[in-house]
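# A structural walkthrough
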Amino acid sequence: MNPVIQKGSTVLLPDAAALYDDESYVTYGRTGLEAHEALKAALCDLEKAVAVELYPSGVAAIAGALLAVLQAGDELLMADTAYKPTRRFCDRTLARFGVRTRYYDPTLAPEAVAELMGPQTRAIFLESPGSLSFEIQDVPALADQARRKGVLSLIDNTWGAGHLLKPLELGVDVSIQALTKYVGGHSDAFMGSAAARDPEVAARLHAGVVDLGWSVAAEDAYAMLRGLRTLDVRLVRHGQSGLEVAGWLSGRDEVAAVLHPALPGAPGHGVWKRDYGGACGLFAFVLKPAPTGATGALLDALEIFGLGFSWGGYESLAIDCDPQLKVRSFRKDYGGSLVRLHVGLEDSADLIADLETGLSAYRAVRG
């Protein structure tokens, strides 16, 4: 039922001719053994890709994919709501190598985004829903506009987990995931993936992995494959419980807005309903204005929701988003604190009770 976990850097080959026959034999352990190949095959099926590359983390997958398709003098268009480490990599590392990153407002119409693409634009990076604030982009329209301009499109598909959203089928060139999150599902292993449908793009991704020396442990590949088998049933529970919690928060006096694209009437809900096969457990809500310390009081009162930055595992989590919003070029004034929740696999009634305790602490400070 399960692939073997092969531990080895050296691969012994059958004869001298096989030593340099890279097309027929795995010649070095770093490129992947049985568990790695089983995981890649499963992810290819999930993402509807011709090839998938593995990386030691989600950030490594983003960095590896961008380095594979960009070179000095190129320009990258990046959604302003991208994951903070993605932005950090662009501003620190890509800039040192002569790649300019220009951030765009993810609420712009696809035609308006296309007008930003200049002669040096080589790639556009999407994240939908946007990190922390959950803006939905019209992925197929943006991919189409990019293709018309000769620009490659990449997307961080971690929220969709390769299951709720199929970017490659919508015309995107590269679909990237932090497998650490929903595919792994248990908060105990790191990994990232990049999937491509076009063989030429897939070859560029593979060359980048080989040239930069990325590798992942066989044990971690095995863990990700195991998590992949329960991805569907877990996402159903995350999505249902998340909507229950989001709906409850929508009726609270302390809450100004709930940012969840699967809620009817939410911004981008129509596009979400068209493109997505469901929702995960990650969303945010805006608190009504309160004195300094009120948000911290809410978070500190929580017992089931842990305070942590990752998500996609079995556990529920909460963070204050405001410190991360300061770096954005198109920062929105929400009027109050923005809190992100990951709704895990715990009973939703228990999670609502925990949030009730937190909101009581918030009211005590707010007055």
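Quick note: structure is the one above.
Described below are features of the structure shown in this document.

Scoring rules and cut-offs
- Residues numbered from 1 in each chain as written.
- Predicted model: local features only at pLDDT ≥ 70, side-chain atom pairs only at ≥ 80, totals over all residues.
- Heavy atoms only, no water.
- Helix = DSSP H or I, 4+ residues; strand = E, 2+ residues; numbered from the N terminus.
- Rg over C-alpha atoms; globule rule 2.2 N^0.38 Å.
- Buried < 20%, exposed > 50% of the residue type's maximum accessible area, 1.4 Å probe, protein only.
- Areas by Shrake-Rupley, 256 points an atom, 1.4 Å probe, with all protein chains shown as cover.
- Lys, Arg positive; Asp, Glu negative; His and termini not counted.
- Charge placed at Lys NZ, Arg CZ, Asp CG, Glu CD.
- Pairing = 2+ DSSP bridges.
- Right-handed = clockwise from strand over helix to strand, strands pointing away.
- Contact = heavy atoms within 4.5 Å.
- Axes fitted to C-alpha atoms, helices over the stretch in contact; angles between N-to-C directions.
- 1 Å grid on protein atoms, 1.4 Å probe; cavity = no way out; pocket = protein on both sides within 12 Å on 5 of 7 lines; lining within 4 Å.
- Points joined across faces, edges and corners; volume = space filled by probe spheres on them.
- Nonpolar A, V, L, I, M, F, W, Y, C, P; charged D, E, K, R; others polar.
- Expected span 1.5 Å × (residues − 1).
- Left-handed = near helix turned anticlockwise from the far one by under 90°.

Counting its secondary structure elements, the protein chain contains twelve helices and twelve strands. For 367 residues, the compact-globule estimate of 2.2 N^0.38 gives 21 Å, and the protein chain sits close to it at 21 Å. Taking the principal axes of its C-alpha atoms as reference, the protein chain extends roughly 80 × 50 × 35 Å. Sorting the 367 residues of the protein chain into buried and exposed places 54% on the buried side. As displayed, the protein chain offers around 15800 Å² of accessible surface, 53% of which is attributable to carbon and sulfur atoms. Looking at charge distribution, the protein chain has the averaged site of its 34 positive side-chain charges lying 5 Å from that of its 45 negative ones.

Before going further, it helps to examine the pairing of strand β5 (residues 152-156). With respect to burial, β5 is a largely interior element, five of its five residues being buried. Alternating positions in β5 separate into two faces, L152, L154 and D156 on one and S153 and I155 on the other, with burial throughout. Taken together, the five bridges between strand β4 (residues 121-127) and β5 define a ladder with parallel strand orientation. Among the inter-strand pairings, E127 is bridged to a residue of β5, identified as D156. Since β4 and β5 lie parallel, the crossover through helix α5 (residues 139-148) that links them has a hand, and here it is right-handed.

Our focus in this paragraph is the sheet that holds strand β11 (residues 317-320). Across a sheet, paired strands are connected by hydrogen bonds in the backbone, their directions being either parallel or antiparallel. The sheet built from five strands is open, its strands ordered β8-β9-β12-β11-β10 with mixed pairing. The open sheet is flanked by β8 (255-259) and β10 (306-307), the only strands paired with a single partner. Pairing geometry for β11 and strand β12 (residues 338-342), over four bridges, is antiparallel. Residue pairing in the sheet places D320 in a bridge with V339 of β12. Packed onto the sheet, helix α8 (residues 231-250) meets β8, β9 (282-287) and β12 and runs at close to 10 degrees relative to β9.

To find leftover empty space, one rolls a probe the size of a water molecule over the atoms. The computed volume of the largest pocket comes to approximately 490 Å³. Taken together, 29 residues line the largest pocket, and the ones lying closest to its centre are Y83, P85, K181, F309 and W311. Looking at the lining of the largest pocket, the elements that each hand over two or more residues are α2 (58-69) and α3 (84-96). In terms of residue class, the lining of the largest pocket is made up of 14 nonpolar, nine polar and six charged.

In this section: helix α1 (residues 34-47). Between the first and last C-alpha of α1 there are 20 Å, a value that for 14 residues agrees with the 20 Å anticipated at 1.5 Å per step. Within the sequence span of α1, burial applies to A35, H36, L39, K40, L43, C44, L46 and E47. Of the surrounding secondary structure, the elements contacted by the buried residues of α1 are β1 (51-55), β6 (174-178), β7 (192-196), α7 (218-229) and α8. At the C-terminal side of α1, K48 shows a positive phi close to 60 degrees.

The next point concerns the packing of α8 against helix α12 (residues 348-366). Two elements in contact, α8 and α12, have axes separated by 10 Å at closest approach and are oriented at 35 degrees. For α8 against α12, the interelement crossing comes out right-handed. When α8 is examined against α12, the residues S241, E244, V245, W248 and L249 are found in contact with a partner set consisting of S348, L351, I352, L355, E356 and L359. The residue makeup of the contact of α8 with α12, split by class, is seven nonpolar, two polar and two charged.

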